[in-house]
Amino acid sequence: ADGLYQEETAHLLNSQVLKNKVDGMLFAAGEAMGAKAGVEWMKQLDIPLFAVSGTLTMSPLAMQEVAAHTDVPVLSKQDLSSPTVVKYLHEWFPVQEEETVFAERMLASA
């Protein structure tokens, strides 16, 4: 389903099973207003967001608007592939030892 208000998506986001299994989410939006509304909605559902991204990041103005009106980092496609952000994600989400080795290899090759 597409969108937070779709029945299937709303059901999933309200599920305690999801909340027990997910440490955080990346919220993708097409424009700043949708990003702000999505961030607020996810907070109401008590679902942590580690960043906002999506097609809105093609507009520097939209990125500035989201950054000014939310407390969630805004990450572009380029940001999401940078070693710094990979390290940030690694710190945000605890990983198992074998995943740590994989992440270190990925950072070393970047």
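Please read these numbers as outputs of a predicted model, since none were measured by experiment.

### Observations concerning the overall build of the protein chain
If you tally the helices and strands in the protein chain, you get seven helices and two strands. For the protein chain, the sequential pattern of α-helices and β-strands runs α-α-β-α-β-α-α-α-α. Per-residue burial for the protein chain yields a buried fraction of 32% across its 110 residues. Put simply, 51% of the contacts in the protein chain that link residues at least 6 apart link residues at least 24 apart. For the protein chain, the exposed area adds up to about 7,500 Å²; of that, 57% sits on carbon and sulfur atoms.

### Some words on unusual backbone geometry
Residue Asp46 is not a glycine yet carries a positive backbone phi of 60°. Counting through the fold element by element, Asp46 comes out in the loop between α3 (32-44) and β2 (49-53). The exposed category is assigned to Asp46, whose relative accessible area is 62%.

### Concerning α3
For α3, which comprises 13 residues, the first-to-last C-alpha distance of 18 Å matches the rise-based estimate of 18 Å (1.5 Å per residue) to within 8%. By the burial criterion, the buried members of α3 are Ala32, Ala35, Gly38, Val39 and Met42. In a view along the axis of α3, the buried residues occupy a sector of 125°, so they form one face of it. Across α3 from its buried face, at more than 90 degrees, point the exposed residues Met33 and Gln44. Residues of α3 that are buried sit in contact with α1 (7-13), β1 (25-28), β2 and α4 (60-69). Of the residues flanking the start of α3, the one acting as N-cap is Glu31, its side-chain oxygen 3.1 Å from the backbone nitrogen of Met33. Immediately downstream of α3, the backbone of Asp46 shows phi near 60°, a positive value.

### Thoughts on the pattern of salt bridges
Summed over the entire model, instances satisfying the criterion amount to two salt bridges. With its nearest N and O atoms 2.3 Å apart, the salt bridge here joins Lys36 to Glu40. With Lys36 and Glu40 both in helix α3, this residue pair falls four residues apart, about one helical turn. Measuring nitrogen to oxygen at the nearest pair gives 2.6 Å for the salt bridge that ties Lys43 to Asp71. Of this pair, Lys43 sits in helix α3 while Asp71 is found in the loop between α4 and α5 (77-80), placing the two residues 28 residues apart along the sequence. Given the relative accessible area of 47%, Lys43 is considered partly exposed.

Scoring rules and cut-offs
Residues numbered from 1 in each chain as written. Predicted model: local features only at pLDDT ≥ 70, side-chain atom pairs only at ≥ 80, totals over all residues. Heavy atoms only, no water. Helix = DSSP H or I, 4+ residues; strand = E, 2+ residues; numbered from the N terminus. Buried < 20%, exposed > 50% of the residue type's maximum accessible area, 1.4 Å probe, protein only. Contact = heavy atoms within 4.5 Å. Areas by Shrake-Rupley, 256 points an atom, 1.4 Å probe, with all protein chains shown as cover. Expected span 1.5 Å × (residues − 1). Arc of directions from axis to C-beta. Polar contact = N/O pair within 3.5 Å; in protein donor to acceptor, adjacent residues only side chain to side chain. Salt bridge = Lys/Arg side-chain N within 4 Å of Asp/Glu carboxyl O.

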